[in-house]
Amino acid sequence: MTQFYDERLARREFMYQRKRFVLSSVAIGVAIAFVLALIVQSHLFGIAAPRTPEVDPNYGVQAPCAIKNKDENKASYIDNRAVSIRVLNGTKFRGFARAVGEGLRNRGFNLIEVGNSETRVKRTTIYFGKQSINEAYTLVANFKDAILRMDDRQDKLIDVVLGATFSNLRPKTDVPAAGAAINEIRGCAAYNTIKNLPKAANHKPIQ
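What comes next is a walk through the structure. Predicted model, so just to flag it, every value in this text is computed and none were measured.

### Structural notes on the state of the cysteines
Reasoning step 1: Evaluation of the coordinates by the stated rule reveals one disulfide.
Reasoning step 2: Here Cys65 connects covalently by a disulfide to Cys188, the sulfurs 2.1 Å from one another. Because the sign of the S-S torsion sets the handedness, a value of about 95 degrees for the bond joining Cys65 and Cys188 places this disulfide among the right-handed ones. Taken together, the positions of Cys65 in the loop between α1 (2–42) and β1 (84–89) and Cys188 in the segment after β5 (158–162) put the pair 123 residues apart, joining distant regions of the chain.
Reasoning step 3: Cys65 gets classed as buried once you look at its relative accessible area, which sits at 18%.

Written out as structure tokens, the structure is:
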């Protein structure tokens, strides 16, 4: 009788310890899952962090490589006065394009026109054709977070559509001088290998 009673107590103790073990394991698993979720959500240690310009050059848009000079075998920034631009406001802020356009004119760029874009954009985008690749690189050097986007236009006029993230032009002291080697966008491709170029929407060629 005593032996049977002891066996029942031992079995009950065993089941109790097993239940505690299972519940503890589940609790630990839930806690670990919660901590991992917090790490992913807050992007700690770079886990699941959003792509950045350094990881995703030109914000995911394929950029053409600069055109090298025939004599010097290098691509160089050109004189601002040789770059013709049209500045369009892609934000809800009135007078934005005029202010930025005048700022670029003061830096020597040939400002052809100022106006409003038919669409709103988040990030400033510089539209250009194959005839003005180095000019586009020269212009984008004045912006902090602009996108270079080549389209099918055949003239040299460059359209700047200002986006909501624009805050100010890059300080003049940080902009490379004409004649300096162009800092190409990482992962760029030869312009003639980029296919399916977008149409130059509402583009007004230089007369």
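Okay, back to it.
### A word on the packing of aromatic side chains
Reasoning step 1: According to the stated counting rule, one finds three aromatic pairs in the structure shown.
Reasoning step 2: Arranged with centres 5.5 Å apart and planes meeting at 70 degrees, the rings of Phe96 and Phe166 form a pair that is edge-to-face. Placement of the pair is Phe96 in helix α2 (residues 96–106) and Phe166 in the segment after β5, with a sequence separation of 70 residues.
Reasoning step 3: With a relative accessible area of 18%, Phe96 lands in the buried category.
Reasoning step 4: A relative accessible area of 11% means that Phe166 is categorised as buried.
Reasoning step 5: One aromatic cluster is present, built from ring pairs that chain together Phe93, Phe96, Phe143 and Phe166.

### Considering the environment of Ile185
Reasoning step 1: In this fold, Ile185 is placed in the segment after β5.
Reasoning step 2: Between the C-alpha atom of Ile185 and that of Pro64, which follows or precedes it by 121 residues, the distance is 8.1 Å.
Reasoning step 3: Residues contacting Ile185, with those up to four places away along its chain left out, are Pro57, Asn58, Ala63, Tyr137 and Leu148.

### What about the nonpolar core?
Soluble globular proteins tend to pack their nonpolar side chains together in the buried interior.
Reasoning step 1: Formed by 35 residues in total, the largest nonpolar core has its most connected members in Ile85, Leu104, Ile126, Leu139 and Phe143.
Reasoning step 2: When contributions to this core are tallied by element, the ones reaching two or more residues are β1, α2, β3 (125–128), α3 (133–140), β4 (147–150) and β5.
Reasoning step 3: It is α3 that contributes the most residues to this core, five residues altogether.
Reasoning step 4: With near-sequence residues (within four places) excluded, Leu104 lies in contact with Ile85, Val87, Phe109, Leu139, Asn142, Phe143 and Leu169.

### Topic: the sheet that holds β3
Reasoning step 1: What the five strands build is an open sheet, ordered β2-β1-β5-β3-β4; its pairing is mixed. The sheet is open, and its two borders are formed by β2 (110–116) and β4, each paired with just one other strand. Mean inter-strand twist for the sheet, computed between neighbouring axes without regard to direction, equals 20 degrees.
Reasoning step 2: Relative to β5, β1 runs parallel, the two sharing five bridges. Residue Asn89 lies in a different strand from β5, and its bridge partner there is Leu162.
Reasoning step 3: Here α2 sits on the sheet and contacts β1, β2 and β5; the angle it forms with β1, its principal contact strand, is near 155 degrees.

Criteria and cut-off values
For every chain, the first residue of its written sequence is number 1, and the numbers climb from 1 along that sequence. Whole-chain, interface and lining totals are the exception, using all residues; otherwise, since this is a predicted model, local features are given only for residues with pLDDT of at least 70 and side-chain atom pairs are given and counted only at 80 or more. Side-chain metrics in this entry use all non-hydrogen atoms of the structure; hydrogen atoms and water are not considered. A pair of cysteine sulfur atoms is labelled a disulfide when the two atoms are within 2.5 Å. Strands here mean DSSP runs of E at least two residues long; helices mean DSSP runs of H or I at least four residues long; both are numbered from the N terminus. The buried label goes to any residue with under 20% of its type's maximum accessible area, the exposed label to any with over 50%, and the partly exposed label to all in between, with areas taken from a 1.4 Å probe on protein chains only. Think of it this way: a Phe, Tyr or Trp ring, Trp meaning its six-membered ring, pairs with another when their centres are within 6.5 Å, and the plane angle makes it stacked under 30 degrees, edge-to-face over 60, tilted otherwise. Pairs of residues are marked as contacts when any of their non-hydrogen atoms sit within 4.5 Å. Here, the term nonpolar core denotes a set of buried Ala, Val, Leu, Ile, Met, Phe, Trp, Tyr and Cys residues that are joined through side-chain atoms within 4.5 Å. Paired strands, as defined in this entry, are two strands with at least two bridges between them according to DSSP. Here the axes come from fitting lines to C-alpha atoms, over the contacting stretch only for helices, and the angles between their N-to-C directions go from 0 to 180 degrees.

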